[in-house]
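# Coordinate inspection notes
Okay, here's what each chain looks like letter by letter:
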Amino acid sequence: MKMKKNIFAELKLLTPKYKTMNRKLLKLTAFLLILLVALASSCQPDEPKEIEYTILPESLNFEATGGEDGFTVSVKSPAIVESVESLAAWCQVSTNGGSSVNVMVTVDPYTYYEARNTTVVVNMKLGENKTSTTVPITQAGVEIPEWVLIDGIKWATRNVDMPGTFAAKPEDPGMFYQWNRKVGWSATDPMINSNGETTWDSSLSFSSIWEKVNDPCPPGWRLPMFIELESLANAGSLWTTLNGVDGFLFSSDGNLLFLSAAGRRGGNSGGLFDVGTDGWYPCSDASRTILLLSYDKIGIAYMGTPTSGHSIRCVAE
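These remarks concern the structure in this document. (Residues numbered from 1 in each chain as written. Predicted model: local features only at pLDDT ≥ 70, side-chain atom pairs only at ≥ 80, totals over all residues. Heavy atoms only, no water.)

### Describing the sheet that holds strand β1 (residues 53-56)
Reading across the sheet, the four strands line up as β1-β3-β6-β5 and stay open at both edges, with antiparallel pairing between neighbours. Each of the sheet's edge strands pairs with one partner strand only, and the pair in question is β1 and β5 (91-97). With strand direction ignored, the average angle separating the axes of adjacent strands in the sheet is 20°. As paired elements, β5 and strand β6 (residues 100-107) share seven bridges and run antiparallel to each other. Paired with S94 across the strands is M104, a residue of β6. (Pairing = 2+ DSSP bridges. Helix = DSSP H or I, 4+ residues; strand = E, 2+ residues; numbered from the N terminus. Axes fitted to C-alpha atoms, helices over the stretch in contact; angles between N-to-C directions.)

### Considerations on the state of the cysteines
All told, the structure shown has one disulfide when counted by the stated rule. Here C217 engages in a disulfide with C314; their sulfurs sit 2.1 Å apart. In this structure, the disulfide formed by C217 and C314 twists by about -100° around the S-S bond and is classed as left-handed. One end of the pair, C217, is in the loop between β12 (184-186) and β13 (221-222); the other, C314, is in the loop between β21 (297-302) and β22 (315-316), with 97 residues separating them in the sequence. In terms of burial, C217 and C314 fall into one category: buried. (Disulfide = S-S within 2.5 Å. Buried < 20%, exposed > 50% of the residue type's maximum accessible area, 1.4 Å probe, protein only.)

### A few points about the pairing of strand β9 (residues 147-150)
Residues V148 and I150 point to one face of β9 and are all buried, whereas W147 and L149, pointing to the other face, are not buried. Count of turn residues in the β9/strand β10 (residues 153-156) antiparallel hairpin: two residues, of which D151 carries a positive phi of about 55°.

### Some remarks on the environment of D189
Looking at the element boundaries, D189 is found in the loop between β12 and β13. Sequence separation of D189 and L272 is 83 residues, and the distance between their C-alpha atoms is 8.1 Å. Not counting residues up to four positions away in its chain, the partners in contact with D189 are R265 and L272. Here R265 takes part through its side chain, which lies 3.0 Å from a polar atom of the side chain of D189. (Contact = heavy atoms within 4.5 Å. Polar contact = N/O pair within 3.5 Å; in protein donor to acceptor, adjacent residues only side chain to side chain.)

### Thoughts on the environment of V315
Along the chain, V315 turns up in strand β22. Taking the relative accessible area as the measure of exposure, V315 reaches 1% and is therefore buried. Sequence separation between V315 and T157 is 158 residues; the distance between their C-alpha atoms is 9.4 Å. Once you skip the residues sitting within four places of it in the chain, V315 turns out to touch I153, K154, W155, G220, W221, R222, L223, P224 and E228.

### Some thoughts on the nonpolar core
In terms of nonpolar packing, the biggest core is built from 23 residues, with F71, V73, V81, V105, V122 and I137 touching the most fellow members. Each residue touching V81, except ones within four places of it in the same chain, is listed here: V73, V75, V101, V122, N123 and M124. With 18 residues, the next largest nonpolar core counts W155, F250, C283 and V315 among its residues. (Core = buried A, V, L, I, M, F, W, Y, C linked by side-chain atoms within 4.5 Å.)

### A closer look at the layout of surface pockets
Taken as a whole, the largest pocket holds about 410 Å³ of empty space. For the largest pocket, the lining is made up of 17 residues, of which T111, Y113, L242, L249 and L256 are closest to its centre. Secondary-structure elements contributing two or more residues to the lining of the largest pocket are β9, β14 (236-242) and β16 (255-260). Partitioned by chemical class, the residues of the lining of the largest pocket number 12 nonpolar, five polar and no charged. (1 Å grid on protein atoms, 1.4 Å probe; cavity = no way out; pocket = protein on both sides within 12 Å on 5 of 7 lines; lining within 4 Å. Points joined across faces, edges and corners; volume = space filled by probe spheres on them. Nonpolar A, V, L, I, M, F, W, Y, C, P; charged D, E, K, R; others polar.)

### Looking at the packing of aromatic side chains
Going through the model one piece at a time under the given rule, you end up with six aromatic pairs. When the ring of W239 is compared with that of Y295, the centres are 6.5 Å apart and the planes differ by 75°; the resulting orientation is edge-to-face. Of this pair, W239 sits in strand β14 while Y295 sits in the loop between β20 (289-294) and β21; the two residues are 56 residues apart in sequence, bridging distant segments of the chain. A relative accessible area of 24% means that W239 is categorised as partly exposed. What makes Y295 exposed here is its relative accessible area of 52%. (Phe/Tyr/Trp six-rings, centres within 6.5 Å; stacked < 30°, edge-to-face > 60°.)

Here it is in structure tokens:
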């Protein structure tokens, strides 16, 4: 029993020491926890800072003649404009400045009728954070002239579409017309005419001339005569492609005239033939005589089937 009393006595004496040690251990543990949290927080990557910028103007428009214009990129410091690049060879860029960068855009002259588009890419950087934006660039096509003078004759720049109207562009086929008729037929399938009908008329017109009442040219214009067709055939010419359409380009005194190889509709059934390889253009005063454009030749030819449908190109009255 004395031994037990002595043990209890000794434990009683040790208790304050254990309490002191526990408090120190708790303080050390808490300190270590705080230290671990701080270390963990410091190891977390910083969220990338947003790059603030403005671009004025936000897009540029140019005429077909080309030229120079510019825009300004302003970035909030410490961000910088890293680079500026154009995505088209016909549009060049140059820059100067620091946080506010002036971008000069130079556009080459353009000779086609369709507008063209590209973008200028602006690349910006803030530390390891990068971003980019684009500035749209648009250049208008050249204005389509109503006529071109070839060997002293005013030729319309576009084929006849619906009776009394021209097609929208020089390369458009317009509609096909049978000899001495003012009814146009579609140059693509499904086959339909300018009156909304779909049944091909294979009957003959026995007139030796294309009568004025049946001339599909717009007011102030008419079908060419044989001598005018012959003059065009003898003008300088080149088989070429305009906006993806094959045909002949005629030239006289620096003036250019494009006639497409639109093909034709056959006289018996109205089916399409020779699209992309031949073009057929009739005159008004020589029955069954046409200007034939082919990928390897050009000249005056005899219309084998007068009920075939052909393109119409007018001359000024």
